[in-house]
Amino acid sequence: MSLTMAEFNALNSLMKAIRKPTNIDQLNRLLKETLGVFGVTHLLCISAFGMPALQDRKPMFGFRLTDWLVHYRKNYYHQDDALPQAAMKLKKNGSQPFWWTSLMEHQHLSDLQYKIFREAYTFGLKEGLVIPLHVRIDFDNCVEEYAFVSMGGDIKKSEELENTLTLIATVAHKAARTILMDMYRKSNKKFIDDPFVSFAPNVDFSPLGNRELEVIRQFVDNETLDEVGRAMNIKVTTVKTHLKNAREKLGFSSNKEMIVALLRHRELS
Amino acid sequence: MIHIINRFNQHLYADILDQMFQLRHKIFVEKKGWKALEQESEFDIDQFDTDDAVYFLKLDKNDQILGGMRLVPTMRPTQLGTIFKEWCHFEPAPKAADVWEWSRYFIADNKHRSKAGYPVFYELFFAILEYAVAKKIVALTGFLEAITLPRLNALPWNVEYLGNIVTYGGIHGEVAGKGAAVKVNVDKRMLKITKRMKKMTAPYFALPLGYESPAPHRAYQPEVCFDFLDFMEQHSEHIDVLIGMANVFCDQREGSHEAVREAASEWLQDELFAESMRDFTGRLSAAHLQQTGSLTKQ
């Protein structure tokens with residue numbers, strides 16, 4: 001390994017201590033201390049859980065560069081920031097981590113998105129890394145658990161640093177997951193193992209035509225395509241076509257996902 | 001169902017093992033581009049494919065391999081103890097009788113689903129965990145691809161990293177990859193919770209009784225039966241094999257009962273086998289004795 005002695009010692013200590021924190025604050029302090037040795041001053045882990053198009057996103061752990069955060073919020077940069085958008089696109093299995101500068105080089109960004117990177121640089125966030133973590137796919141319920149870690153600071157792009165930060169992100173995610181699961185289990189609240197319906201964000205069904213919406217509604221009450229066809233007095237192929245069009249318009253990957261979204265929509269409205 | 005192939009039953013799986021070595025060459029060398037493993041014979045056999053290795057293979061009805069994995073005892077040379085030694089940055093890979101190393105994990109058919117709808121890797125992993133618990137193995141070590149590491153976070157597994165993530169390959173036309181040396185602690189509780197999480201109930205061994213015996217649908221083949229009888233004549237100490245095979249015969253074909261009875265009566269006349277046979281009769285259940293009739297009385 002070409003890490004410096006200080007870096008290796010910090011990493012080695014973290015690997016031993018990572019199971020000790022009993023709450024997220026302790027974990028954040030431990031990470032800040034270790035990653036400070038590598039020059040990382042800003043870290044955020046976002047977890048997304050649910051069916052692909054309905055995933056609810058929550059921050060899990062991290063420590064922020066306060067000055068940058070204040071500036072970021074004041075300018076509403078969260079609406080345009082290219083990083084979270086690119087990170088969520090990494091959900092495809094097999095995606096690799098990417099460096100902030102690589103994103104700027106290889107992807108077409110708007111002027112505002114470039115401006116955000118330039119300003120981050122002046123706040124000391126000179127380079128950063130986004131690490132995708134594909135945690136779980138539940139085949140039965142089409143549910144995915146995905147997380148990504150974004151960290152930056154006065155660091156330089158290198159293969160070894162990428163590997164080290166990926167390992168730290170992975171073990172920190174495990175630790176945070178254990179802490180949160182334990183916390184919610186004790187408090188009898190619901191967290192990741194909840195029925196997926198309650199996690200789904202509300203979806204706007206207005207782009208659908210009346211017939212498409214009617215087919216989905218019928219699908220909630222009837223089990224098979226035949227039954228839906230009979231109830232609406234149309235052919236099964238027509239039912240399939242309406243469902244396919246609706247899925248494409250709303251970006252769902254399965255009928256099940258779309259129906260869950262409709263149930264959620266009804267519940268909210 | 002997963003077949004477990006080891007030194008005691010590998011002669012019954014000779015054709016399957018050949019198929020596995022060829023398949024491994026195809027997957028690791030031709031598909032993944034691990035040029036270091038390339039061999040003229042087009043068989044991927046390395047220094048860890050010894051008699052001590054245990055292979056876990058998922059076979060379909062026609063004995064085609066759908067996926068597999070290898071376990072090697074850490075008291076013998078292992079990958080993490082030799083060729084990947086420098087990748088254990090934090091601590092050396094443990095060497096103990098109850099710690100085994102897994103390697104050469106491959107899936108030949110990604111689309112296959114079991115009757116319960118599970119992909120091949122589910123059954124492979126559960127078979128290995130069941131095997132580890134049954135054989136009182138407390139930890140499994142191995143070099144895992146980086147892409148699989150976050151997946152372990154969703155499982156109730158106690159994973160220890162032996163080294164940092166490393167980049168391998170990428171030179172002389174080899175494909176670059178990333179991975180890390182890990183140690184996974186195994187116990188009954190971990191197996192139970194993992195099974196509950198994945199809604200899995202069945203055991204995944206293909207073995208009727210005693211892990212040394214071959215899986216039923218291979219054992220029914222006449223040539224395998226004869227091979228087996230020859231083997232037992234030379235290795236009477238493997239009583240578990242005998243029990244496992246007797247169960248397979250007795251549960252299945254009427255014609256096979258006669259073959260076992262004849263073999264058993266011959267062995268009984270031999271003083272060398274007398275001790276083994278007493279043990280054998282003692283370990284068969286009363287219900288089974290009733291079912292198999294005069295098998296043990298002769």
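Here, every reference points to the structure presented above.
Residues numbered from 1 in each chain as written. Chains lettered and ligands numbered in written order. Predicted model: local features only at pLDDT ≥ 70, side-chain atom pairs only at ≥ 80, totals over all residues. Heavy atoms only, no water.

Colleague: Describe the interface of chain B and chain A, with residues and values.
Modeller: Opposite the 25 residues of chain B that make contact, chain A presents 28 residues. Carbon and sulfur atoms make up 53% of the area that chain B and chain A hide from each other, which totals about 2,300 Å². Three residues stand out in chain B for area buried against chain A, namely Phe 90, Arg 151 and Asn 153 of chain B, and they jointly supply 27% of the buried area on that side. Glu 159 of chain A is paired through a salt bridge with Lys 178 of chain B; the nearest N and O atoms lie 3.2 Å apart. There are 14 residue pairs in polar contact (both at pLDDT 80 or more) connecting chain B and chain A. Secondary-structure elements contributing two or more residues to the side of chain B that touches chain A are helix H3 (149–152), strand S6 (158–161) and strand S7 (166–168) of chain B. Residues of the side of chain B that touches chain A, tallied by class, amount to 14 nonpolar, six polar and five charged. (Contact = heavy atoms within 4.5 Å. Buried area = accessible area lost by both parts, 1.4 Å probe. Salt bridge = Lys/Arg side-chain N within 4 Å of Asp/Glu carboxyl O. Polar contact = N/O pair within 3.5 Å; in protein donor to acceptor, adjacent residues only side chain to side chain. Helix = DSSP H or I, 4+ residues; strand = E, 2+ residues; numbered from the N terminus. Nonpolar A, V, L, I, M, F, W, Y, C, P; charged D, E, K, R; others polar.)

Colleague: How would you sum up the packing of helix H1 (residues 5–17) of chain A against helix H7 (residues 159–186) of chain A? Please name residues and give values.
Modeller: Residue and element names in this part refer to chain A. Look at H1 against H7: their axes get within 11 Å of each other, and the N-to-C directions meet at 15°. In terms of axis orientation, H1 runs roughly parallel to H7. Regarding H1 and H7, the two cross each other, and that crossing is left-handed. Listed contacts from H7 to Leu 11, Leu 14 and Met 15 of H1 are Thr 164, Leu 167, Ile 168 and Val 171. A breakdown of the residues in the contact of H1 with H7 according to their chemical character gives six nonpolar, one polar and no charged. (Axes fitted to C-alpha atoms, helices over the stretch in contact; angles between N-to-C directions. Parallel < 35°, antiparallel > 145°, perpendicular 65-115°, else oblique. Left-handed = near helix turned anticlockwise from the far one by under 90°.)

Colleague: So what about the sheet that holds strand S4 (residues 127–138) of chain A? Which residues, and what values?
Modeller: Residues and elements named next belong to chain A. Strand order in the open sheet formed by five strands is S2-S1-S5-S4-S3, and the pairing between neighbours is antiparallel. Only two strands of the sheet have a single partner each, and these edge strands are strand S2 (56–63) and strand S3 (98–99). One ladder, built from two bridges, connects S3 with S4; its direction is antiparallel. Looking at S4, one finds that Trp 99 is bridged to Leu 129. (Pairing = 2+ DSSP bridges.)

Colleague: Which residues make up helix H6 (residues 111–122) of chain A, and what values do they have?
Modeller: Residues and elements named next belong to chain A. The end-to-end C-alpha distance of H6 is 17 Å, a good match for the 16 Å that 12 residues give at a rise of 1.5 Å each. Gln 113, Ile 116, Phe 117, Glu 119 and Ala 120 are the residues of H6 that are buried. Take H6 and look down its axis: the buried residues cluster within an arc of 165°, on one side only. Along H6, exposed side chains directed more than 90 degrees from the buried face belong to Asp 111, Arg 118 and Thr 122. Remark: Gly 124 follows H6 within two positions and exhibits a positive phi of approximately 100°. (Expected span 1.5 Å × (residues − 1). Buried < 20%, exposed > 50% of the residue type's maximum accessible area, 1.4 Å probe, protein only. Arc of directions from axis to C-beta.)

Colleague: Can you explain unusual backbone geometry? Please cite residues and give values.
Modeller: One non-glycine residue, Asn 233 of chain A, lies in positive phi territory at about 60°. The topology assignment puts Asn 233 of chain A in the loop between helix H9 (225–232) and helix H10 (236–250). Since its relative accessible area comes to 71%, Asn 233 of chain A is described here as exposed. The phi dihedral of Glu 42 of chain B is positive, around 60°, even though this residue is not glycine. Topologically, Glu 42 of chain B is positioned in the loop between helix H1 (14–31) and strand S2 (54–59). Relative accessible area serves as the criterion here: at 48%, Glu 42 of chain B is assigned to the partly exposed category.

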